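# A closer look at the structure
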Amino acid sequence: MATKTYRLPKTFPLDHWNRDCGRTDEIVRETKSHFYVKMDEDGWGDMESDADYYICCGSDMGWEYQGLVSSARATLAALRKQGPPKGEEQS
């Protein structure tokens, strides 16, 4: 399966993984504010749909979730800008 490495903000992906999602995702590098995550097509789709869910339901969540919702927006934008993995493995 094709893979690709994505530059993502830290907050939402950490929450995503703490809920046992993205089991095939692999952190390959970390900075103060971002992860570089190697994902396959399934991992990309899983994180994309999870972020989209948080954005859609953000108005129903309490104020304590607004930072997470904001990070979900940034994560979704980054995933869509960089596109899903296609073809050969990439880094």
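In case you missed it, the structure is sitting above this.
To keep things clear, this report deals only with the structure shown in the data block. All values reported here derive from a predicted model rather than from experimental measurement.

Rules behind the numbers
- Residues numbered from 1 in each chain as written.
- Predicted model: local features only at pLDDT ≥ 70, side-chain atom pairs only at ≥ 80, totals over all residues.
- Heavy atoms only, no water.
- Phe/Tyr/Trp six-rings, centres within 6.5 Å; stacked < 30°, edge-to-face > 60°.
- Buried < 20%, exposed > 50% of the residue type's maximum accessible area, 1.4 Å probe, protein only.
- Salt bridge = Lys/Arg side-chain N within 4 Å of Asp/Glu carboxyl O.
- Helix = DSSP H or I, 4+ residues; strand = E, 2+ residues; numbered from the N terminus.

### Some thoughts on the packing of aromatic side chains
A complete count under the given rule lists three aromatic pairs for this structure. Between Tyr53 and Tyr54, the aromatic rings sit 6.0 Å apart at their centres with planes inclined by 75°, giving edge-to-face as the arrangement. Exposure remark for Tyr54: the relative accessible area of 10% places this residue in the buried category. Site record: aromatic cluster; members linked through ring pairs are Phe12, Tyr53 and Tyr54.

### What about the pattern of salt bridges?
Throughout the structure, instances matching the rule amount to five salt bridges. In this structure, the salt-bridge partner of Asp15 is Arg19, at a minimum N-O distance of 2.8 Å. For Arg19, a relative accessible area of 32% translates into the label partly exposed. One salt bridge in this structure joins Glu48 and Arg80, with 3.0 Å as the shortest N-O distance. One end of the pair, Glu48, is in helix α2 (residues 41-57); the other, Arg80, is in helix α3 (residues 66-82), and 32 residues separate them in sequence. Classification of Glu48 as buried rests on a relative accessible area of 19%. When its relative accessible area of 48% is taken as the criterion, Arg80 is described as partly exposed.

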